[in-house]
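# Report on the structure
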Amino acid sequence: DTEVTQTPKHLVMGMTNKKSLKCEQHMGHRAMYWYKQKAKKPPELMFVYSYEKLSINESVPSRFSPECPNSSLLNLHLHALQPEDSALYLCASRRLSGRAGNTGELFFGEGSRLTVL
Amino acid sequence: GNSVTQMEGPVTLSEEAFLTINCTYTATGYPSLFWYVQYPGEGLQLLLKATKADDKGSNKGFEATYRKETTSFHLEKGSVQVSDSAVYFCALSDSEAGNQFYFGTGTSLTVIP
């Protein structure tokens, strides 16, 4: 099983709604990532969890709230979003080598396409 | 610091043409280098990788060689197909940068019959 599964694939929400994006992997990876991607641009890092603890937060607005309930699951809670937050949200995971100098690849999900009205 | 500089697109080629997409990098440690491909409406897929100098990554007819002397990792394919139309991202992971990945700006490739 080498998949990262993201749900929902598409989400339309109003600016006052609360919704969540979900990500799941069963590869035993202990690093999980959220990226935001605009059309034909590179992914922009939002958050990284390492061993279920938040290790990187790239100054993301508080209307985005990540959660890592266990080593297989990653959520992104959304509240009071703006139209400019419309984008493809990508989850990725990575094996951690347990030693300094981890250089393994990222495994990406298909993404959740978010539209904020 | 760490960064990836990638050839600007878009690139349009005829089927069976030769493809090169240039990628150069800067890194403070001992980077691994990657090419990812993104087809329309999908997430990023790893195309190939190289973890040390002089390694050659290859997959689906694509190749890239990790050149430390020129800090480059150019992507090549001898004969492109329409199905290769996608956006290609060069990326770097540095041994001294923890969990960070660094992506190039992406190169959009369109192959016409």
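Below, the structure is looked at part by part. Because the structure is a prediction, the values reported are computed rather than measured.

Thresholds applied
Residues numbered from 1 in each chain as written. Chains lettered and ligands numbered in written order. Predicted model: local features only at pLDDT ≥ 70, side-chain atom pairs only at ≥ 80, totals over all residues. Heavy atoms only, no water. Helix = DSSP H or I, 4+ residues; strand = E, 2+ residues; numbered from the N terminus. Rg over C-alpha atoms; globule rule 2.2 N^0.38 Å. Lys, Arg positive; Asp, Glu negative; His and termini not counted. Charge placed at Lys NZ, Arg CZ, Asp CG, Glu CD. Disulfide = S-S within 2.5 Å. Buried < 20%, exposed > 50% of the residue type's maximum accessible area, 1.4 Å probe, protein only. Pairing = 2+ DSSP bridges. Axes fitted to C-alpha atoms, helices over the stretch in contact; angles between N-to-C directions. Salt bridge = Lys/Arg side-chain N within 4 Å of Asp/Glu carboxyl O.

What follows concerns the overall build of chain B. Each helix and strand counted, chain B has 0 helices and 12 strands in total. Each helix and strand of chain B, placed in order from N terminus to C terminus, yields the pattern β-β-β-β-β-β-β-β-β-β-β-β. Against the 2.2 N^0.38 benchmark of 13 Å for 113 residues, chain B shows a C-alpha radius of gyration of 14 Å, consistent with a compact globule. Expressed along its principal axes, the backbone C-alpha trace of chain B runs to roughly 45 × 30 × 20 Å. For chain B, the distance from the average site of its 7 positive side-chain charges to the average site of its 12 negative ones is 7 Å.

Before going further, it helps to spend a moment on the state of the cysteines. Counting across every chain of the model gives 2 disulfides over all chains. In this model, A:Cys23 is linked to A:Cys91 through a disulfide, with the two sulfur atoms separated by 1.9 Å. Taking the torsion about the S-S bond as the criterion, the A:Cys23 to A:Cys91 disulfide, at about -70 degrees, is left-handed. You can see A:Cys23 sitting in strand S3 (residues 18-25) and its partner A:Cys91 sitting in strand S9 (residues 87-94), a full 68 residues away along the chain. As far as burial versus exposure is concerned, A:Cys23 and A:Cys91 are alike and both buried. Two residues, B:Cys23 and B:Cys90, share a disulfide whose sulfurs are 1.9 Å apart. Disulfide B:Cys23-B:Cys90: the torsion about the S-S bond is -70 degrees, which places it as left-handed. One end of the pair, B:Cys23, is in strand S4 (residues 23-26); the other, B:Cys90, is in strand S10 (residues 86-93), with 67 residues separating them in the sequence. For the pair B:Cys23 and B:Cys90, one class covers both residues: buried.

We now examine the sheet that holds strand S1 (residues 4-7) of chain A. Residues and elements named next belong to chain A. With antiparallel pairing, 4 strands are arranged side by side in an open sheet as S1-S3-S8-S7. Each having just a single partner strand, S1 and strand S7 (64-70) make up the two edges of the open sheet. Taking the axes of each pair of neighbouring strands and ignoring which way they run, one obtains an average angle of 20 degrees across the sheet. Relative to strand S8 (residues 73-79), S3 is paired through 7 bridges, and the arrangement is antiparallel. For Glu 24, the partnering residue across the bridge sits in S8 and is Leu 73.

Once that is clear, we can look at the sheet that holds strand S7 (residues 56-59) of chain B. One key point about sheets: their strands pair by backbone hydrogen bonds, in either a parallel or an antiparallel sense. All names here are of chain B. Strand order in the open sheet formed by 4 strands is S3-S9-S8-S7, with antiparallel pairing between adjacent strands. Taken across any chain shown, the strands that pair with only one partner, and hence form the sheet edges, are strand S3 (19-21) and S7. Within the sheet, the average angular offset between the axes of one strand and its neighbour, ignoring direction, is 15 degrees. Bridge analysis of S3 against strand S9 (residues 75-77) gives 3 bridges, and the strand direction is antiparallel. The residue bridging Thr 20 from the neighbouring strand is Glu 76, located in S9.

Time to look at the pattern of salt bridges. Side chains bearing opposite charge may pair, as long as their charged atoms lie close to each other. All names here are of chain B. Considering all chains together, one arrives at 6 salt bridges over all chains under this definition. Close ionic contact of Lys 77 with Asp 84 constitutes a salt bridge, the shortest N to O distance being 2.7 Å. Pair check on accessibility: Lys 77 and Asp 84 agree, each one buried.

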